[in-house]
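Spelled out, the chains give:
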Amino acid sequence: MIGQVTYNVKLNQKFYPKTLFEATLGYKLAMNSAPDDSIHSYNISEDIFQVNATLGYKAAKKWYYSANLLFKTQLLNSYPTNSNQKRSSFMSPAELNVGLGMTFNHSNKKKTFTFGASISPLSWNMKTVLDRDINPENYGVDNGQRIKNKFGSSAECTLSWKISHNITYQSRLFLFTASDYAYADWEHTIDLSINRFLSTRFYAHMRYDTTTPYIDGSSWKK
């Protein structure tokens, strides 16, 4: 089972031509049966509550001075197979990223293609692991600590393309880097409308984080 809810709000620039504001709130939950688990009957494979927001003031034709916010965590507890030791839970881990920089915003006249890119040379990133039953080192937080702050740079690109009357492609790429840490989050979604009541969705969500261990015999992170 996979369920996804997304809510997006955007300021109408016809009324506020110098101000850019957009916020997206989303929740995705995926679970599957666990026949090899003698303790749990199901396994949560994906549980993401995420908020993205951009606020900007026009600097040039399509450029804005901007502030960007990203917050994400999960809502439910997750457990390894055959174990009652929690792997993750609400606010464990959680991540907040705030960046200051410039945003480029473009859409064609028919609004079938929209592209946005934010570059934030100054970014603050905070990770939390508040649940004391979870080892904070599993999520890049120092042992004995529950919160870790880092300053670095971030970038975010978003793309929405209505390829045809029944096919829409959306993509979002987020990057953060500090002196000793980097991660990337890249989402792809394709929606195909079959009729008024049915549609099909294909999606891929790729992540890379330098705080996770290498896969044995490989140069890739888990």
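Scroll up a little and you will see the structure.
Let us look at the structure shown here. Just so you know, these numbers come straight off a predicted model, no measurement behind them.

The next subject is the environment of N84. Examined against the element boundaries, N84 turns out to sit in the loop between β4 (63-73) and β5 (94-107). Sequence separation of N84 and I39 is 45 residues, and the distance between their C-alpha atoms is 7.7 Å. Within polar-contact distance, the side chain of N84 engages the side chain of H40 at 3.4 Å.

This paragraph deals with the pairing of strand β10 (residues 199-209). Pairing of strand β9 (residues 181-193) with β10 involves 11 bridges; the strand directions are antiparallel. In the sheet register, D191 faces β10, and the bridge partner there is R201. The hairpin turn running from β9 into β10, its antiparallel successor, is five residues long.

A few words now on the layout of surface pockets. In this structure, the second largest pocket spans a volume of roughly 1000 Å³. If you trace the second largest pocket, you find 30 residues lining it, with Q74, P93, Y139, R207 and D209 closest to the centre. At the level of secondary structure, the elements contributing two or more residues to the lining of the second largest pocket comprise β3 (42-58), β4, β5, β9 and β10. Ranked by the residues each element gives to the lining of the second largest pocket, the list is headed by β3, at six residues. For the lining of the second largest pocket, the residue count by class is 10 nonpolar, 10 polar and 10 charged.

By the element assignment, S92 lies in the loop between β4 and β5. Sequence separation between S92 and R146 is 54 residues, and the spatial gap between their C-alpha atoms is 9.0 Å. Not counting residues within four places of it along the chain, the set of residues in contact with S92 comprises T73, T128, V129, L130, D131 and I134. In terms of polar contacts, S92 uses its side chain to reach the backbone amide nitrogen of L130, at 2.9 Å.

What the rule picks out here adds up to one cavity of 30 Å³ or more. Put simply, the largest cavity is a space of about 80 Å³. In terms of lining residues, the largest cavity is bounded by N68, L69, L70, N97, S118, S120, S154, A155, E156 and F174. Counting residues per element, the ones that place at least two in the lining of the largest cavity are β4, β6 (113-128) and β7 (147-164). Broken down by class, the residue content of the lining of the largest cavity amounts to four nonpolar, five polar and one charged.

Glancing now at the packing of aromatic side chains. Per the counting criterion, the structure on display carries six aromatic pairs. Ring centres of F104 and F115 lie 6.4 Å apart, and the angle between their planes is 55°; this geometry places the pair in the tilted category. Of this pair, F104 sits in strand β5 while F115 sits in strand β6, and the two are 11 residues apart along the sequence. Measuring from centroid to centroid gives 6.5 Å for F113 and W161, while their planes differ by 75°, and the two rings are edge-to-face. Here the residue F113 occupies a position in strand β6, and W161 occupies one in strand β7, the gap between them amounting to 48 residues. In this structure W161 comes out as partly exposed when scored by relative accessible area, which is 38%.

A sheet is described by the order of its strands in space; here 10 strands give the open sequence β1-β2-β3-β4-β5-β6-β7-β8-β9-β10, paired in antiparallel fashion. Of all the strands in the sheet, the pair left with one neighbour each is β1 (2-10) and β10. Neighbour-to-neighbour, the strand axes of this sheet turn through a mean angle of 15°, independent of strand direction. The pairing of strand β2 (residues 19-33) with β3 spans 15 bridges and is antiparallel. The residue of β3 that forms the bridge with A30 is E46.

This next bit is on the pairing of β3. In the sheet, β3 pairs with β4 via 10 bridges, with the strands oriented antiparallel. Counted as the bridge partner of K58 is Y64 from β4.

A separate point is the side chain of S78. Looking at the element boundaries, S78 is found in the loop between β4 and β5. A relative accessible area of 6% places S78 in the buried class. Those residues in contact with S78, other than ones at most four positions away along the chain, are I44, K86, R87 and S88.

Conventions adopted
- Residues numbered from 1 in each chain as written.
- Predicted model: local features only at pLDDT ≥ 70, side-chain atom pairs only at ≥ 80, totals over all residues.
- Heavy atoms only, no water.
- Helix = DSSP H or I, 4+ residues; strand = E, 2+ residues; numbered from the N terminus.
- Polar contact = N/O pair within 3.5 Å; in protein donor to acceptor, adjacent residues only side chain to side chain.
- Pairing = 2+ DSSP bridges.
- 1 Å grid on protein atoms, 1.4 Å probe; cavity = no way out; pocket = protein on both sides within 12 Å on 5 of 7 lines; lining within 4 Å.
- Points joined across faces, edges and corners; volume = space filled by probe spheres on them.
- Nonpolar A, V, L, I, M, F, W, Y, C, P; charged D, E, K, R; others polar.
- Contact = heavy atoms within 4.5 Å.
- Phe/Tyr/Trp six-rings, centres within 6.5 Å; stacked < 30°, edge-to-face > 60°.
- Buried < 20%, exposed > 50% of the residue type's maximum accessible area, 1.4 Å probe, protein only.
- Axes fitted to C-alpha atoms, helices over the stretch in contact; angles between N-to-C directions.

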